[in-house]
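Observations on the three-dimensional arrangement
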Amino acid sequence: MAAARRLKRVVASQPGFLALNSSTDPANVSSSRRKRVNKNKKKNWNKYSEIRDVEDFLDDVRFQERTSGGLLSDKSDGSLFFVDAGGQKKPAQQEPPAEGKKRKGKASRPLRIDLILQNDSLIPPPKDILAHQQPNSKKLRRIAQKAEQLAAKGVVPRNQRRLLNRCSAPRITRKAAAEANNNPEREFYNIWGEESESTQTDDSWYLEQTGKKRVKRPEKMNEKPSVLPAVEVIAPGGSYNPDFLSHQALLLEAHEVEVKKQKEEDKLQRKLAFNREDTATEETVFQEQVEGLLEEEEGEEPNKEEDDIPVGATALVEKKTEKQRKREKAEKIKEQKRLSQRQQTGQRQQLFQLRSIKSSIKLIEERTRQRQKQRKAKQEAQKALPRRLGRLKFQPQDLEVQLSDELAGSLRRLKPEGSILKDRFKSLQKRNLIEPRERAKFKRKYKLHYVEKRAFKAIT
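Here the structure is a predicted model, which is why all the values come from computation and not from measurement.

Once that is clear, we can look at the overall build of the protein. For the protein, the helix and strand inventory stands at 17 helices and 0 strands. Put simply, the protein has 460 residues, and 7% of those count as buried. Across the protein, the fraction of contacts at a sequence separation of at least 24, relative to all contacts at a separation of at least 6, is 65%. Element-wise, carbon and sulfur atoms account for 53% of the exposed surface of the protein, whose accessible area totals about 46,500 Å².

Considering all chains together, one arrives at 11 salt bridges under this definition. Note that Lys-383 is salt-bridged to Glu-380, the shortest N-O span being 3.4 Å. Taken together, the residues span about one helical turn, with Lys-383 and Glu-380 both in helix 15 (residues 354-383) at a distance of 3 residues.

Positive phi is not limited to glycine here, since Asn-136 has a value of about 60 degrees. Considering the arrangement of structural elements, one finds Asn-136 in the loop between helix 6 (129-132) and helix 7 (137-153). Positive phi outside glycine occurs at Asn-432, with the angle close to 65 degrees.

As a further point, take a nonpolar patch on the surface. Residues Leu-111, Ile-113, Ile-116 and Leu-117 make up a contiguous nonpolar surface patch of roughly 440 Å² in combined accessible area. Mapped onto the elements, Ile-113 comes out in helix 5 (residues 112-117).

Taken together, the side chains of Lys-35, Lys-41, Lys-43 and Lys-47 make up a positively charged region of the molecular surface. On the secondary structure map, Lys-47 appears in the loop between helix 2 (26-33) and helix 3 (52-68). Residue classification places Lys-47 among the exposed positions, given a relative accessible area of 62%.

This next bit is on a negative patch on the surface. A contiguous patch of negative charge on the surface is contributed by Glu-400, Asp-405, Glu-406 and Glu-417. When its relative accessible area of 37% is taken as the criterion, Glu-417 is described as partly exposed.

For helix 12 (residues 244-272), built from 29 residues, the straight-helix expectation of 42 Å at 1.5 Å per residue is met to within 8% by its first-to-last C-alpha distance of 42 Å. Listed as buried for helix 12 are Ser-246, His-247, Leu-250, Leu-251 and Ala-254.

Before going further, it helps to examine the confidence of the model for the protein. Summing up the model confidence of the protein, the mean pLDDT is 79 and the portion of residues at 70 or higher is 75%. A low-confidence stretch, residues 17-24 stays under pLDDT 50, and its non-local contacts, those more than four residues away or across chains, total 9 contacts.

We now examine the side chain of Lys-426. Tracing the backbone through its elements, the reader meets Lys-426 in helix 16 (residues 420-430). There is no salt bridge for the buried Lys-426, and the closest opposite charge comes from Asp-398, which lies 8.1 Å off by N-O distance. Here Gln-395 takes part through its backbone oxygen, which lies 2.9 Å from a polar atom of the side chain of Lys-426.

Now for the side chain of Ser-226. Relative to the helices and strands, Ser-226 resides in the loop between helix 11 (204-210) and helix 12. Taking the relative accessible area as the measure of exposure, Ser-226 reaches 7% and is therefore buried. Here Leu-228 takes part through its backbone nitrogen, which lies 3.3 Å from a polar atom of the side chain of Ser-226. With sequence-adjacent residues up to four places away left out, Ser-226 is seen in contact with Lys-383, Lys-430, Arg-431 and Asn-432.

Bringing the environment of Glu-417 into the picture now. Mapped onto the secondary structure, Glu-417 falls in the loop between helix 15 and helix 16. Counting along the chain gives 16 residues from Glu-417 to Val-401, while the straight-line C-alpha distance between them is 8.9 Å. A distance of 3.1 Å separates the side chain of Glu-417 from the side chain of Gln-402, its partner in a polar contact.

So, how was this worked out
Along each chain, residue indices are assigned from 1 in the same order as the chain's sequence is written. Given that the model is predicted, a residue must reach a pLDDT of at least 70 before its local features are reported, and side-chain atom pairs must reach 80 or more before they are shown or counted; all residues, however, enter totals for whole chains, interfaces and linings. Hydrogen atoms and water are omitted, and side-chain values are computed over all heavy atoms in the structure. Secondary structure elements are defined from DSSP: runs of H or I of at least 4 residues count as helices, runs of E of at least 2 residues count as strands, and each element is numbered from the N terminus. The cut-offs for exposure are 20% and 50% of the maximum accessible area for each residue type, with area from a 1.4 Å probe on protein chains only; residues under the lower value are buried, those over the upper are exposed, and the others partly exposed. By definition, residues are in contact when any of their heavy atoms lie within 4.5 Å. Only the protein chains shown count as cover for residues, and all accessible areas are computed by the Shrake-Rupley method using a 1.4 Å probe. We count a salt bridge whenever a side-chain nitrogen from Lys or Arg sits within 4 Å of a carboxyl oxygen from Asp or Glu. Every patch collects residues that have over 30% relative accessible area and no salt bridge, joining them within 9 Å if they carry like charges and within 5 Å if they are nonpolar side chains (Val, Leu, Ile, Met, Phe, Trp, Tyr). Counted charges follow a simple rule, with Lys and Arg positive, Asp and Glu negative, and His plus the chain ends left uncounted. Lys charges are placed at NZ, Arg charges at CZ, Asp charges at CG and Glu charges at CD. Working rule for helices: expected span equals 1.5 Å times residues minus one. Per-residue confidence from the predictor is reported as pLDDT, a score between 0 and 100. In protein, a polar contact means a hydrogen-donor-capable atom and an acceptor-capable atom, both N or O and within 3.5 Å, with residues adjacent in sequence counting only if both atoms are side-chain atoms; elsewhere, any N or O pair within 3.5 Å suffices.

Structure follows, in structure tokens:
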């Protein structure tokens, strides 16, 4: 209520407002009959609070701001009043125009709907703070101030000095650039062809503008991940009206694919199969259940073999005599001499085996060349195959084959098979552009809880 009393005092002090008498004030009239309530409770704050005079005051303040741009008490007399010096005389009433003529001012008069939609408020729009903000403004201001100080001292920054040095360097004009476009003897230039080496290496303008050299593009990025075409043409037997031999060849290919799948399934079944002889019978189950329940007969204790192992036994090593050590040393020297003589004789014999050695070397080199060719051929063949890019292996798409009795013979009766979207998706996987994927499995977070309603229980 203190805020309401303060606003009442502000209303009374404003010259642009009319004060209400106590007799005509509906709030005073109703105050004598007002119900006494407890204002300590929050539910009675808005219900029994006198805020009508405050709202009227705020509405009047907004109206004054909207029409005159501020409060009338703050305005000067010159902005509110003017001296009527008679004004211009009204023009004489013109005669109504003829039926065939149009009034000149009618075309320039705006429409009523446009006048309604015009903004007549004198309150300026709120200032957009974000439009005036600039990232790193403090840092940029400091850099600009430092540049001004250096410029006042006559110091040129390093970046500008480098640019000036590049610009001052003499440029070599090309012959092709100096020639006129209408010269019939100029060289032919294909605008759709690949860029020449000269245009690729000429980075002077880029270096001048950015102060950096271009990053060299790796050669591997120019290579395609696969040599396969984007759209593969189907075999002739897949046509809507193929000849007999091509259709049979396509059927044979599809048959081989199905046979291979069947063999893999049979192989898996054989591995998962179990031997029926190893299965438990009633007799073996009974023996396992009664194991340990029957008492063993006396005198049938298991035999225990005890091995007598001497503890702390040490092997006595006989010490060699001086004569034995000399004999072993002489035998070792003799063996070394024999091996060295054998190696020398082998090297002398190799002189007479130069032809056979050369032939063996040629044979080894020929084998190496053959292996290199095979390795290259294998690498070229692998370029046309999908690589392992992820945890899943690429699965080729099933062949779209029609049986002999399903052939339409005409495009009108042809039934569409397969899916273009699936075909493009498999093509991207086959060309190593994306990894093989599988559809994500739906995993329920919470278990389903089944509840029978009363109506259902009453029926059942």
